[in-house]
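Below are the chains, spelled out letter by letter.
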Amino acid sequence: MVHSIELVFDTTVETAVRDIWSTLARHDLRSPAPGSRPHATLTVAERIDDAVHEALAPLTERLPLPCVIGAPLIFGRGRAVLARLLIPSGELLELHAAVYRGSLPHLTPGPMPHTEPGQWTGHVTLARRVGPDQLARAVELAGRPTEITGSVVGLRHWYGDKRIERLIG
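Residues numbered from 1 in each chain as written. Predicted model: local features only at pLDDT ≥ 70, side-chain atom pairs only at ≥ 80, totals over all residues. Heavy atoms only, no water.

(A) Representation of helix α1 (residues 11–26). If you check α1, its first and last C-alpha atoms are 22 Å apart, about what 16 residues at 1.5 Å a residue would give, namely 22 Å. Taken as a whole, α1 has its buried residues at Val13, Glu14, Ala16, Val17, Ile20, Trp21, Thr23 and Leu24. Of the surrounding secondary structure, the elements contacted by the buried residues of α1 are β1 (3–9), β4 (65–75), β5 (80–86), β7 (123–130), α4 (135–142) and β8 (148–159). One side-chain oxygen at the N-terminal end of α1 lies 3.2 Å from the backbone nitrogen of Thr12; it belongs to Asp10. Of the residues flanking the end of α1, it is Asp28, one or two places downstream, whose phi is positive at about 60°. (Helix = DSSP H or I, 4+ residues; strand = E, 2+ residues; numbered from the N terminus. Expected span 1.5 Å × (residues − 1). Buried < 20%, exposed > 50% of the residue type's maximum accessible area, 1.4 Å probe, protein only. Contact = heavy atoms within 4.5 Å. Polar contact = N/O pair within 3.5 Å; in protein donor to acceptor, adjacent residues only side chain to side chain.)

So, in structure tokens, the structure goes:
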């Protein structure tokens, strides 16, 4: 199971995303809830050493950052992942690049290529394994409200193997 460094959001964004998760679940779409917390992944590796916390702690001084969760996105083919775009402001892209650089020495074996600056698509996952027959309805449900405005308030280290988080900073 992988480890990741992730952005976490204020209660406004968390509540809105959880409401979408609940709506999707009522329509038999598999969401990350209830055991998950809304987040946007910045970098991923098989393992991230705990020394990353000290390296990234100064970056939390940039927070909170305003954010907007925008349009629905679809990743994959067949059974897809449904997400919403984390609209990439300049400040957000700078924070992502700084987290990526600060994390590099602590990632084993190295970061997943889709998390590199210039390759990263910030997003919040809403549902997994969405079949082609469910996709139109899922996008319609996930697209409300059209924008979610709030703040990025923290960084966390997610230990996928243990399913626990540790806030950074």
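(B) Here's a closer look at the pattern of salt bridges. Counting across every chain of the model gives 8 salt bridges. Here the salt bridges do not stand alone but share partners, grouping Glu6, Glu14, Arg18, Arg37, Arg156 and Glu165 into one network. (Salt bridge = Lys/Arg side-chain N within 4 Å of Asp/Glu carboxyl O.)

(C) Structural view of the pairing of β5. Of all 7 residues making up β5, 5 are buried, and the element is well covered by its neighbours. Here β4 pairs with β5 via 5 bridges, running antiparallel. Directly across from Leu73, in β5, lies its bridge partner Ala83. Strand direction decides the pairing type here: β5 and β7, joined by 5 bridges, are antiparallel. Along β7, the bridge assignment pairs Leu85 with His123. (Pairing = 2+ DSSP bridges.)

(D) Just a positive patch on the surface, in detail. On the surface, Arg30, Arg128, Arg129 and Arg163 cluster together to form a positively charged patch. Assessed through its relative accessible area of 47%, Arg30 is described here as partly exposed. (Patch = residues over 30% accessible without salt bridge, like charges linked within 9 Å, V, L, I, M, F, W, Y side chains within 5 Å. Areas by Shrake-Rupley, 256 points an atom, 1.4 Å probe, with all protein chains shown as cover. Lys, Arg positive; Asp, Glu negative; His and termini not counted. Charge placed at Lys NZ, Arg CZ, Asp CG, Glu CD.)

(E) Main features of the nonpolar core. By size, the foremost hydrophobic cluster in this structure holds 40 residues, and its most contacted members are Leu7, Phe9 and Leu86. With 6 residues, the single largest contributor to this core is α1. When sequence neighbours within four positions are dropped, the list of residues in contact with Leu86 reads Leu7, Phe9, Ala40, Cys67, Val68, Ile69, Leu92, Trp120, Gly122 and His123. (Core = buried A, V, L, I, M, F, W, Y, C linked by side-chain atoms within 4.5 Å.)

(F) Expanded view of α4. Those residues of α4 that sit buried are Ala138, Leu141 and Ala142. Down the axis of α4, the buried set is contained in an arc of 95°. They therefore lie on one face. Residues of α4 that are buried in the fold lie against α1, β4, β5 and β7. (Arc of directions from axis to C-beta.)

(G) Representation of unusual backbone geometry. With an omega dihedral of 5°, the bond running from Leu63 to Pro64 counts as a cis peptide bond. In this fold, Pro64 is placed in the loop between α2 (52–56) and β4. Cis geometry is found at the peptide bond from Thr108 to Pro109, where omega equals -5°. Assignment of secondary structure puts Pro109 in the loop between β6 (107–108) and β7. With a phi angle near 55°, Arg129 is a residue other than glycine that sits in the positive phi range. Structurally, the position occupied by Arg129 is in strand β7. Taking the relative accessible area as the measure of exposure, Arg129 reaches 51% and is therefore exposed. Unusually for a residue other than glycine, Arg163 sits at a positive phi of about 55°. If you trace the backbone, Arg163 turns up in the loop between β8 and β9 (164–168).

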